[in-house]
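# Structural characterization, general
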Amino acid sequence: MNIGFLAHVYDRREGTGGYAVELVERLSRTHQVTLYATTVRTPPPSDVRVVHVPALRGSAYLTVLTFPAAFRAVRARHDLIHAQGFQTLAADVVTAHIVQQAWRRALARDRVPATIAERLAGGLIAKLENEAFRRSRAVIAPSRRASDDVMRSSGRTSDVFLIPHGCDRPAAGGDRRRTRAMLGLSDGDFLALYIGYPRKGLAPAVEALRLEGNVHLAVLSHSAPGDWPDRAGPAAGRLHWLAPDTSVADALAAADCLVHPTCYDTFGLPIAEALSAGVPVIASRDAGASELLRHERSGWLLDSRSGEAVAAAIAALRDQPALRSRLSAEGRRVASEWTWDIAAQRTIEVYERIAG
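The paragraphs below set out a description of the structure included in this document.

Conventions we followed
Residues numbered from 1 in each chain as written. Predicted model: local features only at pLDDT ≥ 70, side-chain atom pairs only at ≥ 80, totals over all residues. Heavy atoms only, no water. Helix = DSSP H or I, 4+ residues; strand = E, 2+ residues; numbered from the N terminus. Contact = heavy atoms within 4.5 Å. Pairing = 2+ DSSP bridges. Axes fitted to C-alpha atoms, helices over the stretch in contact; angles between N-to-C directions. Salt bridge = Lys/Arg side-chain N within 4 Å of Asp/Glu carboxyl O. Buried < 20%, exposed > 50% of the residue type's maximum accessible area, 1.4 Å probe, protein only. Core = buried A, V, L, I, M, F, W, Y, C linked by side-chain atoms within 4.5 Å. Arc of directions from axis to C-beta. Polar contact = N/O pair within 3.5 Å; in protein donor to acceptor, adjacent residues only side chain to side chain. 1 Å grid on protein atoms, 1.4 Å probe; cavity = no way out; pocket = protein on both sides within 12 Å on 5 of 7 lines; lining within 4 Å. Points joined across faces, edges and corners; volume = space filled by probe spheres on them. Right-handed = clockwise from strand over helix to strand, strands pointing away. Nonpolar A, V, L, I, M, F, W, Y, C, P; charged D, E, K, R; others polar.

### Observations concerning the environment of alanine 106
Note that alanine 106 resides in helix α3 (residues 100-109). Counting along the chain gives 143 residues from alanine 106 to alanine 249, while the straight-line C-alpha distance between them is 30 Å. Residues contacting alanine 106, with those up to four places away along its chain left out, are Cys263 and Tyr264.

Okay, here's the thing in structure tokens:
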């Protein structure tokens, strides 16, 4: 099969970009793949043809809005086109990495102020995304909540396929002692780790830091610290903003648990990476990956995203080494069962179903 695979950014370290890397590497073993991307940071397999899509850069919204026309200008003929969200209205398969209407509802529910770009372009992109969902022959959703959001937002009622992302991408080779030394921590200090976009769930994690004294919180994010140290108040000395070039492997090796109280994630790559690395996970049920976990067996699932609930979860893991060990071992088992090989094979089955 001749597949056109679209990605804004092809980068193993990114969420959607990492998904593209994992799938393209596997799809290209049995199919002819052309990668259409604006930015390529991870070398693709040698037999994958790469076509640069000259979308405008400068902001995520600018790239999203200019990618469809830029793709039209360079596209070739394919048996099937696989897009990541709204990238073209001509996609046969669309993976729902985000559902804009659900994301906007989550921000409004949590009273998170919209950015200028969201106010100007968010509504338009949500409408275009829903149209892409409706026009495609199949939608791939990485969780049940994502599947429900796709159908609720777009009105689509069939051919939405549940395929969780792989969890078997270990962040290997991390240096616990070196990373902790850089933070001024001893091996006995309890360190929780937050990875990702601060707007999604850092607020309850910082509030938990204020409430629970004998813990530290490290943040690995492309975003600048901004006013987060001020918001931590007296706990600011226990809030550590990792350098942007810190590897996920080093961050996870240094951590005693991952805290992911997100207000919205169709899946949640940090959860998958932590499971694979054997780092106990504290996650809200608003993360799609939480559907793979059992409370107090393979993860700690938050029924509330309040600072109090996050603080109680962190304290439970800090004070119960046996609980941490169980979550670590069971988390690794979950990661071993939900592999990228399985995700790729199920994706190929979707291709064959709609092409057949």
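Resuming the write-up.
### Quick look at the sheet that holds strand β6 (residues 138-141)
Spatial strand order, β3-β2-β1-β4-β5-β6-β7: seven strands in an open sheet with parallel pairing. The sheet is open, and its two borders are formed by β3 (49-52) and β7 (160-162), each paired with just one other strand. If you compare each strand with its neighbour and ignore which way they point, the axes differ by 25 degrees on average. Where strand β1 (residues 2-10) lies against strand β4 (residues 80-84), three bridges are found, and the strand directions are parallel. Looking at the pairing, isoleucine 3 lines up with leucine 80 of β4. Packing against the sheet, helix α13 (residues 340-355) makes contact with β1, β4, β5 (93-95), β6 and β7, and its axis sits at approximately 135 degrees to β4.

### Overview of the pattern of salt bridges
Applying the stated criterion across every chain, the model contains 31 salt bridges. A salt bridge links glutamate 22 to arginine 26, with the nearest nitrogen and oxygen atoms 2.8 Å apart. Linking glutamate 22 with arginine 26, this pair stays in helix α1 (residues 15-27), spanning four residues, or about one helical turn. A relative accessible area of 15% means that arginine 26 is categorised as buried. Look at the salt bridges and you will find they share partners, linking Arg109, Asp110, Arg145, Asp149, Arg152, Asp286 and Arg305 into a network.

### Here we look at the nonpolar core
Leu193, Leu242, Leu258, Ile271, Leu275, Val281 and Leu293 are the most contacted members of the largest nonpolar core, which has 29 residues in total. Every element with two or more residues in this core is listed here: β8 (191-195), β9 (216-220), α9 (248-254), α10 (269-277), β12 (281-284) and α12 (321-337). Per-element accounting of this core gives the leading share, four residues, to α10. Contact partners of leucine 258, with chain neighbours within four places excluded, come to Leu193, Ile195, Pro270, Ile271, Ala274, Val279, Pro280, Val281 and Ile282. Counting residues in hydrophobic clusters, the runner-up holds 28 residues, among them Phe190, Ala208, Val259 and Leu317.

### Describing helix α6 (residues 176-183)
Along α6, the residues classified as buried are Thr179, Arg180 and Leu183. The buried residues of α6 all sit within an arc of 95 degrees when viewed along its axis, so they share a single face. More than 90 degrees from the buried face of α6, the exposed residues found are Arg177, Ala181 and Met182. In the core, the buried residues of α6 are packed alongside β8, β9, β10 (239-241) and α9. Between the side-chain oxygen at the start of α6 and the backbone nitrogen of arginine 177 there is a gap of 3.4 Å, and the oxygen is on aspartate 175. Phi turns positive one or two residues past the end of α6, at glycine 184, with a value near 75 degrees.

### As for the layout of surface pockets
For the second largest pocket, the calculated volume is near 250 Å³. For the second largest pocket, the lining is made up of 14 residues, of which Val112, Pro198, Arg199, Trp228 and Arg231 are closest to its centre. Of all the secondary structure elements, the ones that give two or more residues to the lining of the second largest pocket are α7 (198-211) and α8 (228-232). Ranked by residues supplied to the lining of the second largest pocket, first place goes to α7 with seven residues.

### Thoughts on the pairing of strand β2 (residues 32-40)
The element β2 is extensively covered by neighbouring structure, given that seven of its nine residues are classed as buried. Looking at chain direction, β1 and β2 are connected through eight bridges and run parallel. Within β2, the position partnered with glycine 4 by the bridge is threonine 34. For the crossover from β1 across α1 to β2, the handedness is right-handed. Here four bridges tie β2 to β3, and the two strands are oriented parallel to one another. Note that in β3 the partner of leucine 35 across the bridge is valine 50.

### Some words on empty space enclosed by the protein
Vacant regions in the atomic arrangement are exposed by a probe of water-molecule size rolled over the atoms. As enumerated under the stated definition, the model contains one cavity of 30 Å³ or more in all. Put simply, the largest cavity is a space of about 30 Å³. Mapped onto the lining of the largest cavity, the elements with two or more residues apiece are α1 and α13. Looking at the lining of the largest cavity residue by residue, the class counts come to seven nonpolar, two polar and no charged.

### A look at the pairing of β4
Here β4 lies mainly inside the structure; five of its five residues are buried. Direction of pairing for β4 relative to β5: parallel, over a ladder of three bridges. By the bridge assignment for β5, alanine 83 is matched with valine 94.

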